[in-house]
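# Fold and contact review
Take a look at the letters that make up each chain.
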Amino acid sequence: MTLSLKTESVRPALRVGPVSLVLRPIMVLVVAALAAAMLLLFCLDIATGESHIPLGRVIDVLTGGGTRAQRFIVLDSRLPRALTALVVGAALGLAGAITQSILHNPLAAPDMLGITAGASFGAVTVLVIGGGSGLAATLGGPLAALAGGLLTAAAIYLLAWGRSPTGDRGVTGMRLVLIGVGMNALLLSGISWLLTRASLQDAQRAQLWLNGSLNNADRSGLLPAAFALAVVVVVALGSARTLAALRLGADTTRSLGVRIQTQQAILIGAAVVGSSVATAVVGPVSFVALAAPQIARRVLRTPGEPLIGSALIGAILVVGADVASRSVFPADLPVGIVTAAFGGPFLLYLLVRMNRKATLS
Amino acid sequence: MTTLGTVRRRRLSGLVVLTALLLLTVLASIAIGTRSLSPGTVYDAVHNAVTCPGGPFSCPAGSTAEEIVRGLRLPRTALALVTGLALGIAGALIQGYTRNPLADAGLLGLNAGAAFLAALSIYLFGFTSPEQYIWFAFAGALIAGLVVFGASAVGGGKASPLSLVLAGAAVTAFLQAMTNAVVLLDPTALDTYRFWVVGSVAGRDAAVLWQVLPFLAFGVLLALVASPGLNLLSLGDEVARGLGVNIGRSRALGLAAIVLLSGAATAAVGPIAFLGLVVPHLARVITGPDYRWLIPYSGVIGGLLLLVADIIGRVVARPGELQVGVMLAAVGAPFFIAFVRRRKLVSL
């Protein structure tokens, strides 16, 4: 009797350098469908505005055709906004997926950990002190936001460093989340206080920014956002295996030969850069980092928060919200209000459905 | 050797010490301010006010000091005391029912619900003072609480801690966005709202206190009734059911108490972060996990903390003052972080 290996039951794998992914046909199909939906929304985003451009014409211009006037409207005035929405959404989705995976907590998104609040605090400080106009507002705001996000994250990480219950030194997830929640409350209260100190006009301007507005999105913000997204993507995909291992718990991960603290620090760093830059560019777009990984997990039916799926869903949420804010609502609402208005009830619906299923089985 | 008797005696004496401390803080809160008053003046003014036939807040005019005490400091101190007490107890209840050490009224959407309906009523009806929008804020907290607990309990009434907090986050994000949309549409609403949302006991009329007091009193009563059941629930749903606890009824009781306490407190002074989160952890250090002790302790510590924060807020930023919500965050956050770092957290 010959020994036969059942090779057909082994799933095909994709290997690129250190990255290897197990391919499941259904998952590939779903991801492709998500990407297609994202691209469609992206074109729709460019099509909507004061003058509506037919979808076919948009695709025509994007692939190199169209008249000069059309090329101007599409490429110079609308494309940066749509691209910013896409990049910001993807960055937030990825950042959320990374933090939620590492900390084993679906609530551990950058908005809950105070990183977004830190970025907002920085920007609002400049707005209130600098009077919201001139160089301080155009350049200082985003820089202060970036600095605020990074400083907050560094503070949380350093404060969470210490001896874990098992005795080794490092950062434990639960402590990090708790300290993050503490920082978040502190910073949010600080923002509220700053708003009481500002003139009503500045408070209004700050309030608009605090809701994540794409109205001022242009090329100047797009480049840093795209760069940040690239960093997050590279780090995240390079560490996909670590993330999967971390899901099994600290001891198992260590026995698999992963240097937990270093890997955690790198991954969290990438998530912080991603969400801080996204906040610096358009303001805090609430709920995307929190909801996208959870939605992606359920759509793709994966045990943990999928990276690519979360990025796609994040982009879909923000781009879709931008389309909705300009076509459905009477007033030009900030995109962050729309993401929360749709994301909140959707997560609630998912929860209810999940509970129903759990009791049926 | 620690027997059950010594543990009980220690808990009781701890409560007595804390209550004495609370009374001292009340006196300090009446004495300290933009114009500081001597203990003797405070005593006279309080004594005159309390023995006044028309009640402490509607006495005929006396000296300037008496005016300050009666018109400003007394209502403010009373408001801080009762809302701190309510928020502390609400925090203990929420953490108990969700079995989540991170849960508080803010996380479960109650604050956001109160803020949304308050802002909406300011926008729709042009309200400017708390007495006008207080009822809307209260209703908002109630509705948000019902939605959060309802959504997480759909299907068999088994609300898992995780789904409860997730539902809270979803509802909070939604309501905050709606609130922001309202205040963006209307600058006047923003102007009123931004002073309410920091959380302050200053400049609130004594009428506000009387309006929320019945709700708070009823809430405290429900909390005390709920505490033995909460002890059994903390053993896990299965064990509790086995011991004859009607879990659905117990949860409904808890929800009613939580909504009453945090809804009324939020309506009166604005959303106050941190108190409900920190206080039960502090109380648990002394009492351990027994809710029959934890709830009174949380109430006393909550009142104490809110008063102290309010007093410090009056002193540090003279001649102006820092709102108590800001103070609590500024004092509470470093304290909370130090606490998280030092102790191995009591798991629920």
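Residues numbered from 1 in each chain as written. Chains lettered and ligands numbered in written order. Predicted model: local features only at pLDDT ≥ 70, side-chain atom pairs only at ≥ 80, totals over all residues. Heavy atoms only, no water.

Looking only at helices and strands, chain A has 14 helices and 4 strands in total. Every one of the 361 residues in chain A was classed for burial, and the buried ones make up 53%. Taking contacts inside chain A between residues at least 6 apart in sequence as the whole, the part at least 24 apart equals 70%. Working note: accessible area of chain A is about 16500 Å², and carbon and sulfur atoms make up 67% of it. (Helix = DSSP H or I, 4+ residues; strand = E, 2+ residues; numbered from the N terminus. Buried < 20%, exposed > 50% of the residue type's maximum accessible area, 1.4 Å probe, protein only. Contact = heavy atoms within 4.5 Å. Areas by Shrake-Rupley, 256 points an atom, 1.4 Å probe, with all protein chains shown as cover.)

Residue and element names in this part refer to chain A. If you check helix 8 (residues 219–238), its first and last C-alpha atoms are 29 Å apart, about what 20 residues at 1.5 Å a residue would give, namely 28 Å. Listing the buried residues of helix 8 in full gives G221, L222, A225, A228, L229, V232, V235 and A236. Looking down the long axis of helix 8, one finds its buried residues gathered within 165° of arc, a one-sided arrangement. Along helix 8, the residues that are exposed and aim more than 90 degrees away from the buried face are R219, S220, L223, F227 and V234. Check the buried side of helix 8 and you find it contacts helix 3 (68–103), helix 9 (240–246), helix 11 (260–282) and helix 13 (307–327). (Expected span 1.5 Å × (residues − 1). Arc of directions from axis to C-beta.)

Moving on to a nonpolar patch on the surface. All names here are of chain B. Together, Y123, L124, F125, W135, F136 and L185 make up a nonpolar patch on the protein surface, roughly 610 Å² of accessible area in all. Put simply, the parts of the chain that give the nonpolar patch at least two residues each are helix 4 (110–125) and helix 5 (130–153). Along the chain, the position of F125 falls in helix 4. (Patch = residues over 30% accessible without salt bridge, like charges linked within 9 Å, V, L, I, M, F, W, Y side chains within 5 Å. Salt bridge = Lys/Arg side-chain N within 4 Å of Asp/Glu carboxyl O.)

All names here are of chain B. The feature "transmembrane region" (unreviewed entry), as annotated in UniProt, sits at residues 77–94, 106–127, 133–155, 162–185, 208–233, 253–279, 291–312 and 324–341 in this numbering. As a span, residues 77–94 carries 100% helix and 0% strand, and end to end its C-alpha atoms are 25 Å apart. Within residues 291–312, the helical portion is 100% and the strand portion 0%, while the C-alpha atoms at the span's ends are 30 Å from each other. (UniProt positions renumbered as here; feature names shortened; annotations may be inferred.)

Judged by nonpolar contacts, the single largest core of 222 residues is most densely connected at I98(A), I102(A), V124(A), V285(A), L93(B), W196(B) and I272(B). Looking at this core, you find at least three residues from each of domain 1 (103–284) and domain 2 (285–361) of chain A. Discounting chain neighbours no more than four positions away, the residues touching W196(B) are A114(B), A115(B), A118(B), Y133(B), A137(B), R204(B), T266(B), A267(B), V269(B), G270(B) and P271(B). (Core = buried A, V, L, I, M, F, W, Y, C linked by side-chain atoms within 4.5 Å. Domains from an automatic or database assignment.)

Residue and element names in this part refer to chain A. Checked against the element boundaries, S325 lands in helix 13. Classification of S325 as buried rests on a relative accessible area of 1%. At a separation of 3.1 Å, a polar atom in the side chain of S325 contacts the main-chain carbonyl oxygen of D322. (Polar contact = N/O pair within 3.5 Å; in protein donor to acceptor, adjacent residues only side chain to side chain.)

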